[in-house]
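Residues per chain, in single letters:
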Amino acid sequence: MVTRAGRVLRAAVVPLALIGLIALAGVVLGRVYAGNLLIGLVVGAAAGSVLVSVAARRLPSWLVAPVSVAAMAGWTLWSLRLAASRAELPGGLLEITGDAARNGIPRLLTAMIPVEPTPDTVLVPVVAAWLAGLAGAEVALRTGRVLLGYLPAAGLYAAALYVVGPNAAPAVGVTVAFVAVAAAGLAAPTGAASAAADPTAELPPRVRAAMRLRLATSAALGVALVVGLVALLGPVVADQVEGRPVDPRRYVEPPQVQTLDENPLIRISGWALRPEQKLLDVSTERTGVAPPASGDTPPGDEPAGRGVRMRLAVLSDYDGVTWRVGATYRNAGRILPAPAPSRDSTVETVRQQVTVAELSGRLLPAVATPREVSGARVAYDPASGTLIRPEGLTPGLRYAVTSAEEQPDSNLLATANVPAGEEVARVLRVADGVPDPMRRLATQLAEDNGAPFARALAIEQFLAEHYRVVADAPSGHAYPNLGFFLFGPRAGGGQEGTSEQFAAAFAVLGRLSGLPTRVVVGFRAGGQGPVLAGDAFAWPEVLFDGLGWVPFDPLPRPNEEPRPVEEDFRPTPEDPPPSEAPAPTVEPTASPEPVTAGDGPPGRDGVSTPLLVAGGSGGLLLLVGTLLLTLLAMRRSLTRARLVRGDPGQRIAGAWREVTDALRLAGRPVGDDLAATEVAGHARLALAAARAETTAGSTTAGSTTADGTTDGPAVDDLAALLNQVGFAPGAATPDQAARAAEVAMAYVHTLRSARPWWRRLLWSVHPTPLRRARRSPR
């Protein structure tokens, strides 16, 4: 009985070692997962795969794999169901399995750490652990090659270390345990080894001696080879011990926002024109309310009874034309990373049940800062605290979100400082091209306000007292738009706008004053009921030390008539006009004696006056001709570079720039904030208007349709190609690039032919396209 028990124990050492090695790989990977569910599922997969091979060791080898795969399917489905239940994900098992199979690897490598065990993040580790156990058990148990049977487990362990990368502490203890378990499995004697005698015992003495010498020589060579490899690779391995591991996540693109969501600020004007559009249904519950110590409402906060602010997007990047999200979203589970709250702020919990109605895009509204989300698969950006749903929003989508809303201590705002340095350089950056009046206004507002909060409050009050909110103001927040909003004539539409212009102007003026600012787009939500398009608005935020991001409200108060901007600021030039400059003092001098032409010696005057005039005129004409030829050559070179050089996508973009330059030369420039299809419509109208200005009966530009457009070159085709390049980079073909060049050149020729003769002469030498190409080389 003892002998049989010993044999069973010796036979169980290798299977147990295989299970232990695979389980340790799960432990390594589980360090970046939330909870211990993944480790349990991997251990179950390791034990199941090895035990199936042990139980089927008497079956033919070709039959073991199908049996083990069938068992693997059962364990995997149970694991996915368990993970979906723990994560509270909706949907049937078939739907969950299909989604996990399609997206398992990319979601695993783009998930936020700690990774929540969901079906798509546990599928790959469970299947890999089962296959490693199956392969290792078959090799080690059926063929008796234990060391070779360790290779699948060792490969799984190395893959787990690679996936974890620099996102966890070094796994020194687990690695030592892995080596110890492997050594225990190799050291355990097998039945064959204990029963077998010396294989050379029955050989003749001379043959036995030669055999033993050969074995000793082979062993010595093997030891020498191992020592040499250690000496050669040891320093390289030692240098990598203290190095930072490579993070495989940097090779996988995380979920991206759509173009519609990259700059949601431009949606404010559209929502303002349809204020009754229902976007969401929201139910809000507050717990742990902690009002500010002073009892006053901090700047920008909603007064009691007006509900909460739900953030849709945080815009931190501004290039002088567009505010952009610029966030990096990572797939996340229900529980989101919880950064430490600001030192001098209190936190209250806000729970919301949200049902999507007509809100589109991928951005998911939530009160700042979300901590837990259920009912929807989300991706999260910790830097901004905003959410997206990678699949996009759909009507009827229901989700619950729990947020930790910070309330800054208003007593500390007056003396709070703002951070500086590389960490906040992004929210302090001022793009080139700031209009001088805007810069002088920021300087004026900051002159008498040294403290950061006083500067922010001065900007907020100036905007609230001098400007008007109107729902039908055009969208736009580039420097020219903000300049017209701040300083344009009120009778011509200036000094009024939507919250888009108020928030963007505050953020730019704040950065010019040294304040770290950003723009937030969101909604006002009450306790219960719908959120309408009229509830959408934008507001600025300023970052203070110890208090975090503090919102401000530069919108005017209801029923208050704004004061003219000219009462408090006049954008006058810094240098006085010539009429105000003091006249220089001139000392009287004696009148010079008149000199007659014959007083000097003959020939002293040199060349005659007519010859000087002729020579000067000829030189001037030569200079002008040279300049015109140079401009002509440069313009043609620019056109050739745009239409011929580069890949097809660059050539299509170059053809589009030829069209926009032609519109500018025709006196009908287009803004940079217009979509390609809008520019194409503008181009058709410009062609029709140019043709109407030419001589009656001219058919150079084509006929005009009933809506005022023209049947000239198909600019819409070029716009479609440009959109293809923007949304599907690398998909354009050389034939499409040639078609784009053909359409662009036909349009430019048609538009130029429709201009008066003197404008056609100046068309080819006008320097505007050259200047624009230099400012924007792309």
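Keep in mind that this is a model prediction, so the values were computed, not measured.

Points about the overall build of the protein chain
The number of helices and strands found in the protein chain is 23 helices and 18 strands. Buried positions account for 42% of the 778 residues belonging to the protein chain. The contacts of the protein chain with a sequence gap of at least 6 include a subset with a gap of at least 24, amounting to 78%. When the accessible area of the protein chain is evaluated, it comes to approximately 40500 Å², of which 60% is carbon and sulfur surface.

Quick word on the environment of Val373
Mapping Val373 onto the fold places it in strand 9 (residues 370–374). Residues Val373 and Val401 lie 28 residues apart in sequence; the distance between their C-alpha atoms is 4.5 Å. Residue contacts for Val373: discarding those within four places in its chain leaves Gly333, Arg334, Leu336, Val378, Leu387, Ala400 and Val401.

Examining the side chain of Ser384
By secondary structure assignment, the location of Ser384 is in the loop between strand 10 (378–381) and strand 11 (386–388). A polar contact is formed between the side chain of Ser384 and the side chain of Thr386, at a distance of 2.8 Å. Every residue in contact with Ser384, bar those within four places of it in the chain, is listed here: Arg311, Val314, Ala327 and Arg518.

Quick notes on the sheet that holds strand 2 (residues 308–315)
Strands sit in the order 8-2-15-17-18 across an open sheet of 5 strands; the sheet is antiparallel. Each edge of the open sheet carries a strand with a single partner, namely strand 8 (366–367) and strand 18 (548–551). Sitting on the sheet, helix 16 (residues 499–512) touches strand 15 (517–525) and strand 17 (536–544), and the angle it makes with strand 17 is about 15°.

Quick notes on the pattern of salt bridges
Applying the stated criterion across every chain yields a total of 22 salt bridges. A salt bridge links Arg377 to Asp120; the shortest N-O distance between them is 2.6 Å. Within this pair, whereas Arg377 is found in the loop between strand 9 and strand 10, its partner Asp120 is found in helix 5 (residues 119–142), the two being separated by 257 residues in sequence. Ionic pairing is found between Arg739 and Glu742, a salt bridge with its closest N-O pair at 4.0 Å. Separated by 3 residues within a single helix, Arg739 and Glu742 lie in helix 21 (residues 734–753), roughly one turn from each other. Exposure remark for Glu742: the relative accessible area of 52% places this residue in the exposed category. Here the salt bridges share partners, and the residues they tie into one network are Asp99, Arg102, Arg107, Asp120, Arg377 and Glu391.

Considerations on the packing of aromatic side chains
Counted by the stated rule, this structure contains 13 aromatic pairs. Ring plane angle 85° and centroid distance 5.6 Å describe the contact between Tyr318 and Tyr479, whose orientation is recorded as edge-to-face. Taken together, the residues Tyr318 in strand 3 (residues 317–318) and Tyr479 in helix 15 (residues 479–487) connect sequence positions 161 residues apart. Residue classification places Tyr479 among the buried positions, given a relative accessible area of 5%. These aromatic residues form a ring-pair network of at least three members: Phe453, Phe506, Phe544 and Phe552. Its guanidinium or amino end placed over the ring of Trp539, Arg309 lies 4.8 Å from that ring's centre, counting from NZ or CZ. Positioned above the aromatic ring of Trp549, the side-chain terminus of Arg518 is 4.0 Å from the ring centre.

Parameters and conventions
Think of each chain on its own: its residues are numbered from 1, step by step along the sequence as written. A pLDDT threshold of at least 70 governs which residues receive local features in this predicted model, and a stricter bar of 80 or more applies before side-chain atom pairs are shown or counted, although totals over entire chains, interfaces and linings include all residues. Computation of side-chain values covers all heavy atoms of the structure but excludes hydrogens and water. Working definition: helices are DSSP H or I runs of at least four residues, strands are E runs of at least two. Numbering for both runs from the N terminus. Whether a residue is buried, partly exposed or exposed follows from its accessible area with a 1.4 Å probe, protein chains only, as a fraction of its type maximum: under 20%, in between, or over 50%, in that order. Should any heavy atoms of two residues lie within 4.5 Å, those residues are considered in contact. Here the open area of atoms and residues is found with the Shrake-Rupley method and a 1.4 Å probe, where only the protein chains shown may cover a residue. By the criterion applied in these results, polar contacts are pairs of N or O atoms within 3.5 Å in which, for protein atoms, one can donate a hydrogen and the other can accept it, and in which residues neighboring in sequence qualify only through two side-chain atoms. Strand pairing is defined by DSSP finding a minimum of two bridges between the two strands. Orientation is described by lines fitted to C-alpha atoms, with helices fitted over the stretch in contact, and by angles between N-to-C directions that extend from 0 to 180 degrees. Just to be clear on terms, a salt bridge is a Lys or Arg side-chain nitrogen sitting within 4 Å of an Asp or Glu carboxyl oxygen. Any pair of Phe, Tyr and Trp rings, taking the six-membered ring for Trp, is counted once the centres come within 6.5 Å. Such a pair is stacked with planes under 30 degrees apart, edge-to-face with planes over 60 apart, and tilted for the rest. Any Lys NZ or Arg CZ found within 6 Å of a ring centre and within 35 degrees of that ring's normal is scored as a charge over the ring.

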